[in-house]
Amino acid sequence: MRSVRIAEREIDRVTVLGYGRTGRAVVAYLHNHGVKIFVSDSALLTDADRESLKKLGIAFEEGGHTFQAIEDPDLIVLSPGISPEIPILREAQLRSIQGISELDLAYLLTRGASIIAVTGTNGKSTTVKLIEGILLQRGIQAIAAGNIGLPFITLADEPPDVVVLEVSSFQLEQSSIFHAHVSCLLNIAPDHLDRHGSMDNYVAAKLSIFDRQVDDGLAIVSRDIPLSKASIAGWSVYFEDVRLPKNAFADSLSPHNRSNLRAAIACCRGIIPILKPDAIDLPALEGAFHLPYRMQGEPSLGGVRVINDSKSTNAASAITALESIEGPCVLILGGRHKGAGYDALARVIARRDVRHVILFGEGASRLQSSLRDVGYAHTGLCSTLDQALTLALQEAREGDTILFSPACSSYDQYRNYVERGEHFSRLVRSSLGQESSN
């Protein structure tokens, strides 16, 4: 058994809490460095995960965190979905066993890379991919990582020149060491209150991205952000002040993507101070504006346009999606609600040309209640996404749009928004096949 040096300590025994995408990456890194690992997950593992851990000789438990997880580790590493308030972590604290986020762990292990960190309720992934693309155009080795899909820890051994991180409120809430040279907060709207407990706590988690920045650090913010509550040591810049390139491509962008582009340019100037917007090849970055399951067009069904916005996991993102649609639409909402923001969404639905709202999943009745409170009654309830699309096709007319913008997390029925988006795409293609055979 070997060890890994973390913050001047030799660590040879680690418990990893949570075995999702991030937990797997942490386990892979630690195993490759000879550290003895114990994995603890509150859910049941897949057969493939069990077999993988057994082949690696890694002990694990599933279906709950027990005292076995804190028998003898030097360190506990938390996956983002783990709340710092769970009982096993409180007990670990009593035993003087340190818990650390994957974000903090990777930060301590990564040397020689500049870090740009982006957070916000919406727009993070697009902004991170834009930053990565702009830097690559200028010959700077940059990799987008973090909450966008590639865990930060995977870059620890061979970091690029610039690590561009999408950072969630969950990761920030867990972290007490991490800081970036350039930190960006795009926006704040009600989200994840089921985890954070209150809007104040959620705002505090987001603003903590500026904590511990050094004097030469750069904070990129919106004018709408309450900076009076933030601790900013270095320079601050409002991204709304960034001039966009003067060309047809930039002019064609939606308002929210224009904001994302401004923020990306501002962040890149933390690495390339003399970056000129007109020198950016925007058409080459088009993919960043069309990431999977973000207002993704699906095949039309019977003259009805279909849009897959599975990435919409909060009310604010569903509002943005609705406001980008012209003409009548049938809206599909549902999943696990986030605890806030739905009254505002209901008011937008009530004043727009929404022919019908199909509600599915765990949060359906709560969403229906919010709609009733504003006098909107054109709703249908169902259990699954399969049923929701069937009902939506019954309500839609030729020329309408079916907008799947759930405004909720996917965790009631899916592992993540990607799995949910893939399922919706399959359902549309299946419906198209049925339509063709009639």
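Now for a description of the structure that goes with this document. (Residues numbered from 1 in each chain as written. Predicted model: local features only at pLDDT ≥ 70, side-chain atom pairs only at ≥ 80, totals over all residues. Heavy atoms only, no water.)

**Some details on the overall build of the protein chain**
Now for step 1: Broken down by element type, the protein chain carries 15 helices and 19 strands.
Now for step 2: In terms of C-alpha radius of gyration, the protein chain reaches 23 Å, essentially the compact-globule figure of 22 Å for 438 residues.
Now for step 3: Considered along the principal axes of its C-alpha atoms, the protein chain spans approximately 65 × 50 × 40 Å.
Now for step 4: Across the protein chain, contacts joining residues at least 24 apart in sequence account for 66% of those joining residues at least 6 apart.
Now for step 5: Accessible surface, the protein chain: about 19,000 Å² in total, of which carbon and sulfur atoms supply 47%.
Now for step 6: Here the protein chain contributes 43 positive and 51 negative side-chain charges, whose respective centroids are spaced 2 Å apart. (Helix = DSSP H or I, 4+ residues; strand = E, 2+ residues; numbered from the N terminus. Rg over C-alpha atoms; globule rule 2.2 N^0.38 Å. Contact = heavy atoms within 4.5 Å. Areas by Shrake-Rupley, 256 points an atom, 1.4 Å probe, with all protein chains shown as cover. Lys, Arg positive; Asp, Glu negative; His and termini not counted. Charge placed at Lys NZ, Arg CZ, Asp CG, Glu CD.)

**Notes on the sheet that holds strand 8 (residues 114-119)**
Hydrogen bonds between backbone groups are what pair the strands of a sheet, and the pairing can be parallel or antiparallel.
Now for step 1: Across the sheet, which stays open at both edges, the six strands sit in the order 9-10-8-11-12-13 with parallel pairing between neighbours. At either end of the open sheet lies a strand with only one pairing partner, and these are strand 9 (142-146) and strand 13 (235-238). Looking at each pair of strands side by side, their axes are set apart by 20° on average, direction ignored.
Now for step 2: As defined by bridge partners, strand 12 (residues 218-221) adjoins strand 13 across four bridges and the pair is classed as parallel. When the bridges of strand 13 are listed, leucine 218 appears paired with tryptophan 235.
Now for step 3: Taken strand by strand, helix 10 (residues 255-268) contacts strand 8, strand 11 (182-185) and strand 12, and its axis lies near 175° from that of strand 12. (Pairing = 2+ DSSP bridges. Axes fitted to C-alpha atoms, helices over the stretch in contact; angles between N-to-C directions.)

**Some remarks on unusual backbone geometry**
Now for step 1: Even without being a glycine, arginine 212 presents a positive backbone phi close to 70°.
Now for step 2: Inspection of the secondary structure puts arginine 212 in the loop between helix 8 (199-207) and strand 12.
Now for step 3: A relative accessible area of 34% means that arginine 212 is categorised as partly exposed.
Now for step 4: Despite not being glycine, alanine 407 shows a phi value in the positive range, around 65°. (Buried < 20%, exposed > 50% of the residue type's maximum accessible area, 1.4 Å probe, protein only.)

**Observations regarding the state of the cysteines**
Now for step 1: One pass over the full model with this rule turns up zero disulfides.
Now for step 2: Not part of a disulfide, cysteine 267 finds its nearest cysteine sulfur in cysteine 184, a span of 4.0 Å.
Now for step 3: Owing to a relative accessible area of 0%, cysteine 267 belongs among the buried residues under this scheme.
Now for step 4: This cysteine, cysteine 268, is not joined by any disulfide, and cysteine 267 carries the nearest cysteine sulfur, 6.9 Å off. (Disulfide = S-S within 2.5 Å.)

**Here we look at the nonpolar core**
Now for step 1: Counting residues in each nonpolar core, the largest one holds 48 residues, and the members touching the most others are Leu30, Phe152, Ile153, Leu165 and Phe178.
Now for step 2: Per element, the largest residue contribution to this core is six residues, and it comes from helix 4 (residues 102-109).
Now for step 3: Once residues lying within four places of it in the same chain are set aside, the contact partners of phenylalanine 178 are Leu103, Asp104, Tyr107, Ile115, Ala117, Phe152, Leu165, Asp211 and Arg212. (Core = buried A, V, L, I, M, F, W, Y, C linked by side-chain atoms within 4.5 Å.)

**Looking at the environment of threonine 121**
Now for step 1: You can see threonine 121 is positioned in the loop between strand 8 and helix 5 (124-137).
Now for step 2: In this structure threonine 121 comes out as buried when scored by relative accessible area, which is 3%.
Now for step 3: When near neighbours in sequence (up to four residues on either side) are disregarded, threonine 121 contacts Asn187, Ile188, Ala189, Asp191, Tyr202, Lys206 and Asn314.

**So, the pairing of strand 9**
For a regular strand, side chains alternate in direction, first toward one face of the sheet and then toward the other.
Now for step 1: Most of strand 9 sits out of view: four of its five residues are buried.
Now for step 2: With five bridges joining them, strand 9 and strand 10 (residues 162-166) adopt parallel strand pairing. By the bridge assignment, glycine 146 is partnered in strand 10 with glutamate 166.

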